[in-house]
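Here's the letter readout for the chains.
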Amino acid sequence: MRWMPVAVALLLTAVLAVARSGLWQGVLIVALGTAVAWLAPATAEGRRSAREFRRLTTEVRRQQLVTEQRRQEAEERRHEAEDARAEAEAAREQAEAERREADAAREAADERAMIGPEMHDLVSHAIGVIVVLAEGGTAAAESRPQAAARAFDTIAGTGRRTLAELGDMLSVLRNDIEPGRRAVPGLAELPELVRIMRAAGMALTMVAPENVRLGRREGLAVYRVVQESLTNALNHAPGQPVEVRLTVEESRLVATVSNPVPPRRGPEPPAGHGVRGMRERAASVRGELSAAEDDGRWQVRLSVRVEKAPVKQAAKPRKTDKNGSKGTGRKR
């Protein structure tokens, strides 16, 4: 107990003071001894407190150092993660750029590969139309000069368009024009194609939906298949009516060209390249094409993917040129 050493010190001090000195000196000595006895434990407690404080301070500093070290390590890991993300993003962008370049190179190669079929379709159509119009214009030169003039105007327009398209194709082969930037016909040019074929004497009707949007290559495929089918009709079945019908079925556009099969005179003509070229063109845009005789009619049917469905579909067919009765048929 804390008061025991104090009591012993007071007792001993009192005995010594009385034995050797006077009463007042004894009292002073007793007071001093009491103060020393009381202060000694407090001093020891202070030293223990100081040691404990130093220990706690040291522990706090150690914890601070550990915390700072962990913070620095976390910051380093964060920087490493950011660097890794930056490298991954750069690698992704590089891979995307390489993919775009590969797609562009593949598209350019595909379009260059289609130049041959394009030239075949364009030239065979243009020559077929020009020959029919020239023959009709020559025959009508004396009796129907206005009809002859219209025929020769159509010949001139067909020749100019053909030369322009051939020039673009050759520019692609010479790398003067990027393949994807070459102007190509599509759905918007079908009415002009119908006009030309009617001018060539074909009894032709066309039904088409409104506001259909196709991709560039899909639109070109539809135009060329319709053009080739009409050219075949002009050459192989003159005098038969032709129907061009475009419909939307779910997410695909279906283009159908059909006409009655005329009676065959003589041996069947050899197979040409037209249907094969149409099949190749359909395959190039992941389309489906069929060309066959069905119930006395020759029918070419092409189905391609649609980018935008029509708002409404036209119900009325365009009027047939009553004066044109020449030129419908099939490609064998």
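Residues numbered from 1 in each chain as written. Predicted model: local features only at pLDDT ≥ 70, side-chain atom pairs only at ≥ 80, totals over all residues. Heavy atoms only, no water.

Judged by side-chain polarity, V123, I127 and V131 come together as a nonpolar surface patch covering roughly 220 Å² of accessible area. Tracing the backbone shows V123 in helix α3 (residues 115-139). The class of V123 is partly exposed, set by a relative accessible area of 31%. (Patch = residues over 30% accessible without salt bridge, like charges linked within 9 Å, V, L, I, M, F, W, Y side chains within 5 Å. Areas by Shrake-Rupley, 256 points an atom, 1.4 Å probe, with all protein chains shown as cover. Salt bridge = Lys/Arg side-chain N within 4 Å of Asp/Glu carboxyl O. Helix = DSSP H or I, 4+ residues; strand = E, 2+ residues; numbered from the N terminus. Buried < 20%, exposed > 50% of the residue type's maximum accessible area, 1.4 Å probe, protein only.)

The 5 strands are arranged β1-β2-β3-β5-β4 in an open sheet whose pairing can be described as mixed. Where the open sheet ends on each side, the last strands, each with one partner, are β1 (204-207) and β4 (288-294). Here the average twist between neighbouring strands, direction ignored, is 15°. Across 7 bridges, the pairing between β4 and strand β5 (residues 297-305) is antiparallel. Bridge assignment links L289 to a residue of β5, and that residue is L302. Helix α6 (residues 216-236) rests against β1, β2 (242-249), β3 (252-260), β4 and β5 of the sheet, and its axis sits at about 175° to β5. Strands β4 and β5 of the sheet are contacted by helix α7 (residues 274-284), whose axis makes an angle of about 150° with β4. (Pairing = 2+ DSSP bridges. Axes fitted to C-alpha atoms, helices over the stretch in contact; angles between N-to-C directions. Contact = heavy atoms within 4.5 Å.)

The next thing to look at is α3. Between its terminal C-alpha atoms α3 stretches 36 Å, which fits the 36 Å expected from 25 residues at 1.5 Å a residue. Along α3, the residues that are buried comprise I115, P117, E118, D121, L122, H125, A126, G128, V129, V132, L133 and G137. (Expected span 1.5 Å × (residues − 1).)

Where α3 meets helix α5 (residues 190-199), the closest approach of the two axes is 9 Å, and the angle between their N-to-C directions is 35°. Residues H125, V129 and L133 of α3 lie in contact with α5, whose contacting residues are L193, I196, M197 and A199. A per-class count over the contact of α3 with α5 returns 6 nonpolar, 1 polar and no charged. (Nonpolar A, V, L, I, M, F, W, Y, C, P; charged D, E, K, R; others polar.)

A separate point is the pairing of β1. Neither face of β1 is open: one carries L204 and M206, the other T205 and V207, and all of them are buried. Crossover connection from β1 via α6 to parallel β2: handedness left-handed. (Right-handed = clockwise from strand over helix to strand, strands pointing away.)

The phi dihedral of N211 falls on the positive side, at around 60°, and the residue is not glycine. By secondary structure assignment, the location of N211 is in the loop between β1 and α6. Even without a glycine there, the phi angle at D295 is positive, about 55°. Tracing the backbone shows D295 in the loop between β4 and β5.

With that settled, consider the pattern of salt bridges. For the structure shown, the criterion picks out 18 salt bridges. E59 is the partner of R62 in a salt bridge, and the nearest nitrogen-oxygen pair spans 2.7 Å. With a gap of 3 residues between them, R62 and E59 both fall in helix α2 (residues 23-113), about one helical turn apart. R62 sits in the partly exposed class, given a relative accessible area of 41%. On the accessibility criterion, E59 (33% relative accessible area) is partly exposed. Note that R99 is salt-bridged to E96, the shortest N-O span being 2.5 Å. With a gap of 3 residues between them, R99 and E96 both fall in helix α2, about one helical turn apart. On the basis of relative accessible area, R99 is assigned to the partly exposed category, the value being 41%. Connected through salt bridges with shared partners, the residues E118, D121, E165, R224 and R281 form a single ionic network.

Mean pLDDT over the chain works out to 81, with 76% of the residues at or above the 70 mark. Here residues 317-332 scores under 50 on pLDDT; set against residues more than four positions off or in separate chains, the count is 80 contacts. (pLDDT = per-residue confidence, 0-100.)

Turning our attention to the pairing of β2. Note that β1 and β2 share 4 bridges and pair parallel. In the strand pairing of β2, V207 is matched with R245. Note that β2 and β3 share 7 bridges and pair antiparallel. What sits directly across from E243, in β3, is S258. Remark: 2 residues form the turn of the hairpin made by β2 and β3, two consecutive strands paired antiparallel; E250 in that turn has positive phi of roughly 60°.

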